[in-house]
Amino acid sequence: MGLSSYKDANDLSYTSSSPDSAQAFCELTTAYMGFRRETGAILKGLLESDPDMPMALCAKGYFAKLMGSSNHSARAARTSEDLNGHLARIDANEREKQHAAALSSWCDGDLEKTTRIWEDILLQHPTDGLALRLAHFTHFYSGNGRQMRDSLARVLPLWSEDHPDYGFLLGMYAFGLEESGEYAKAEEYGRAAVARNPQDAWSVHSIAHVLEMTERHEEGIAWVAGLEKDWSTVNNFRFHLYWHKCLYHLERGEFDLVLKIYDEQVASDIASDFYLDICNCSSLLWRLEMFGIDVGDRWSDLSSVAQKHLGDKDLIFVSLHYLMALVANGDRAAAQQLQDGLRDWSGLDGTQARICADVGLAIADGLQSACDGDFATAVARMEPVRYSLNRIGGSAAQRDVFMMIMLDAAKASHDALKARALFADRLGDKVHSSWTWKNYSSILETMGRTDEAARALEKSRKALAR
Ligand SMILES: [Fe+2]
């Protein structure tokens, strides 16, 4: 079949064998932005019907990279090579060449360059939803909320409010605002997005984050539960929304409910080996243990999945969650292997390799030390990187588990002066955190500050009863 240039409904040109392929790519982008379960099937159909369409090949590589593991990355690198060879033989347009260059640099581990290419595409083609959503992803895994926010702000005025995907943009903007600490504005945009499309899980999620960060736990439960029939239609991302629901329940001391949601939802598909599932699970089990809850043998299944990723060099945020499962389950040899891999990685080139060296190794050492009962070392390793923790990516709510681990270790280390200070500074943000007040109270008690300890304990009880 001969290749020609066709435009889709967004006025983007595609080199393809039929105009239907350009339109199918448009549907693929919409499905991707909506976390639709049929996304993979749409791409598969497109690759079958139009195997020479450069953007279909490029999407194949992108989607493999989005899986965040070394196996998939190796596949993405092969696709990238095929695509570059294909582009040398055909007459593709500039935007397609830019996308192919972005995939190449992503496979090379240069996330800054990759993101810059997508942002460059958006200057000329602001309606390229794929470039926009992918830049959102890499901004997210660079831990820079303001870049997420501004990336959306740059294109929003150029999109028609009547565009069927416009709601996705509002939700992405809401999330960028939330991660920039602009909670009121984030809520406004996030709610507008969900009003347009309650199945838009990312937008529902942006409000879940606002409610988490502003400690509106009861409202958070109602928000997530109230829209469950809509967002639960999406792919495994839905388990992350259940994870958010668990965070609210944790703060309310509803531990049986957290374990029930963990078993029935959050951990229900870990066998599929999707990285976000393991992040949700490791983070939740560790939090439960810090709240004093026995999680039984639940670490064991997580550890089995983590063992498949001992040499991963993709996202340090994800590797740290694999390590959590290994150290918590007492799998010393595997944990050592993963940590050796992190040390190798930190000596390589690439964006995540640098973050691994600058921040990741310290957190990894801290996790291992905390598990070994060497709490003073855990604090000594983690405290120097606390203000650069955002560099590992993920959301503020997700990264909070590492801060909690550092605080928990500070308390266990019996360095009451340090522990009191760290818990007090957390209370600046978490005014209604029963866990934080309770720990603060017990530290004050050990310092002989009995009256203050009693007042802090009362605040912990009040936080639970909110
Ligand atoms: Fe989240």
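## Things to note about the pairing of strand E1 (residues 4–7)
Where E1 and strand E2 (residues 13–16) come together, 4 bridges link them in antiparallel fashion. Among the inter-strand pairings, Ser4 is bridged to a residue of E2, identified as Ser16. The turn linking E1 back onto E2 is made up of 5 residues, and Asp11 within it adopts a positive phi angle of 70 degrees.

## Here's the deal with helix H19 (residues 332–346)
Taking 1.5 Å of rise per residue, the 15 residues of H19 would be expected to cover 21 Å, and the 21 Å separating its terminal C-alpha atoms lies within 8% of that figure. Listed as buried for H19 are Ala334, Ala335, Leu338, Gln339, Gly341, Leu342, Trp345 and Ser346. The buried residues of H19 occupy an angular sector of 150 degrees when the element is viewed end-on, so they sit on one face. Summarising the geometry of H19, the exposed residues directed more than 90 degrees from the buried face are Arg332, Ala333 and Asp344.

## Focus on empty space enclosed by the protein
Tallied over the full model, the rule gives 2 cavities of 30 Å³ or more. Estimates place the volume of the largest cavity at around 130 Å³. Lining the largest cavity are 14 residues, with Glu212, Glu251, Arg287, Asp400 and Arg426 positioned closest to its centre. When contributions to the lining of the largest cavity are tallied by element, the ones reaching two or more residues are helix H11 (201–213), helix H14 (237–251) and helix H22 (396–412). If you add up the space inside the second largest cavity, you get close to 60 Å³. Residue lining of the second largest cavity: 13 residues in total, with Asn10, Leu12, Thr29, Thr127 and Gly129 positioned closest to the centre.

## Here's the deal with the coordination of the iron ion
Distances from the iron ion to its protein donors, His205 (NE2), His209 (NE2), His240 (NE2) and His244 (NE2), fall at 2.1 to 2.2 Å. The coordination sphere of the iron ion comprises 4 donor atoms, whose angles at the metal cover 87 to 178 degrees; the geometry is irregular. Of note, the donors binding the iron ion are all from one chain and are spaced H-x3-H-x30-H-x3-H. Separated by 4 residues within a single helix, His240 and His244 lie in helix H14, roughly one turn from each other. An identical accessibility class is assigned to His240 and His244; each is buried.

## Here we look at the layout of surface pockets
Roughly 950 Å³ of volume is contained in the largest pocket. Taken together, 39 residues form the lining of the largest pocket, with Phe63, Leu66, Met67, Asn235 and Phe274 sitting closest to its centre. Among the elements of the structure, helix H2 (39–49), helix H3 (54–65), helix H4 (70–89), helix H7 (129–140), H11, H14 and helix H16 (275–290) are those that each provide at least two residues to the lining of the largest pocket. Looking at which element gives the most residues to the lining of the largest pocket, the answer is H4, with 6 residues. Here the residues of the lining of the largest pocket are counted per class, giving 18 nonpolar, 12 polar and 9 charged. Of the residues that make up the lining of the largest pocket, three or more belong to each of domain 1 (1–140) and domain 2 (143–235). One number sums up the size of the second largest pocket: a volume of about 730 Å³.

## Observations concerning the domain arrangement of the protein chain
Split by domain assignment, the protein chain resolves into domain 1 (1–140) and domain 2 (143–235). Distance from the C-alpha centre of domain 1 to the C-alpha centre of domain 2: 25 Å. In this complex, domain 1 contributes 18 residues to the contact, which on the side of domain 2 involves 23 residues. Together, Phe35, His136 and His139 form the three largest contributors to the area buried by domain 1 at its contact with domain 2, with a combined 30%. The tally of links between domain 1 and domain 2 comes to 1 salt bridge. Connecting domain 1 to domain 2 are 16 residue pairs in polar contact (both at pLDDT 80 or more). Secondary-structure elements contributing two or more residues to the side of domain 1 that touches domain 2 are helix H1 (19–33), helix H6 (111–124) and H7. By residue number, the principal contributor to the side of domain 1 that touches domain 2 is H7, which donates 7 residues.

## Comments concerning the nonpolar core
One recurring pattern in soluble globular proteins: nonpolar side chains tend to sit buried together. Membership of the largest hydrophobic core comes to 157 residues, with the highest contact counts inside it found for Tyr62, Phe402 and Ile405. Each of domain 1 (1–140) and domain 2 (143–235) contributes no fewer than three residues to this core.

## Let's talk about the pattern of salt bridges
This structure, assessed with the given rule, holds 26 salt bridges. Salt-bridge contacts for Lys44 lead to Glu48; the nearest nitrogen and oxygen are separated by 3.6 Å. On the criterion of helical spacing, the pair formed by Lys44 and Glu48 is a turn pair, its members being 4 residues apart in helix H2. Across the pair, exposure class does not vary: Lys44 and Glu48 are exposed alike. For Arg216, the salt bridge is made with Glu187, and the minimal N-O distance between the two is 2.9 Å. Note that Arg216 is positioned in the loop between H11 and helix H12 (217–226) and Glu187 in helix H10 (residues 183–196), a separation of 29 residues in sequence. Counted as one network, the salt bridges with shared partners bring together Glu187, Arg191, Arg216 and Glu219.

## Focus on the packing of H11 against H14
Relative orientation of the contacting elements H11 and H14 amounts to 20 degrees, with a least axis distance of 11 Å. Taken together, the axis directions place H11 and H14 in an arrangement best described as roughly parallel. Remark: the crossing between H11 and H14 carries left-handed chirality. Contacts from Ala201, Trp202, Val204, His205, Ala208, His209, Leu211 and Glu212 in H11 reach Phe237, His240, Leu241, His244, Leu247 and Tyr248 in H14. Within the contact of H11 with H14, the residues separate by chemical class into 9 nonpolar, 4 polar and 1 charged.

## Some words on helix H5 (residues 94–107)
Here H5 spans 20 Å end to end across 14 residues, near enough to the 20 Å set by a 1.5 Å rise per residue. Restricting attention to buried positions, one finds in H5 the residues Arg95, Glu96, His99, Ala100, Ala102, Leu103, Ser104, Ser105 and Trp106. Buried residues along H5 sit in contact with E2, H3, H4, H6 and H7. A distance of 3.1 Å separates the backbone nitrogen of Arg95 from a side-chain oxygen at the start of H5, and that oxygen is part of Asn93. Immediately beyond the C-terminal end of H5, within one or two residues, lies Gly109, with a positive phi of roughly 90 degrees.

Reading the values: the criteria
Residues numbered from 1 in each chain as written. Predicted model: local features only at pLDDT ≥ 70, side-chain atom pairs only at ≥ 80, totals over all residues. Heavy atoms only, no water. Pairing = 2+ DSSP bridges. Helix = DSSP H or I, 4+ residues; strand = E, 2+ residues; numbered from the N terminus. Expected span 1.5 Å × (residues − 1). Buried < 20%, exposed > 50% of the residue type's maximum accessible area, 1.4 Å probe, protein only. Arc of directions from axis to C-beta. 1 Å grid on protein atoms, 1.4 Å probe; cavity = no way out; pocket = protein on both sides within 12 Å on 5 of 7 lines; lining within 4 Å. Points joined across faces, edges and corners; volume = space filled by probe spheres on them. Donors = N, O, S within 2.8 Å, 3.2 Å for Na, K, Ca; no water. Tetrahedral: all angles 85-135°; square planar, octahedral: opposite > 155°, others 65-115°. Nonpolar A, V, L, I, M, F, W, Y, C, P; charged D, E, K, R; others polar. Domains from an automatic or database assignment. Contact = heavy atoms within 4.5 Å. Buried area = accessible area lost by both parts, 1.4 Å probe. Salt bridge = Lys/Arg side-chain N within 4 Å of Asp/Glu carboxyl O. Polar contact = N/O pair within 3.5 Å; in protein donor to acceptor, adjacent residues only side chain to side chain. Core = buried A, V, L, I, M, F, W, Y, C linked by side-chain atoms within 4.5 Å. Axes fitted to C-alpha atoms, helices over the stretch in contact; angles between N-to-C directions. Parallel < 35°, antiparallel > 145°, perpendicular 65-115°, else oblique. Left-handed = near helix turned anticlockwise from the far one by under 90°.

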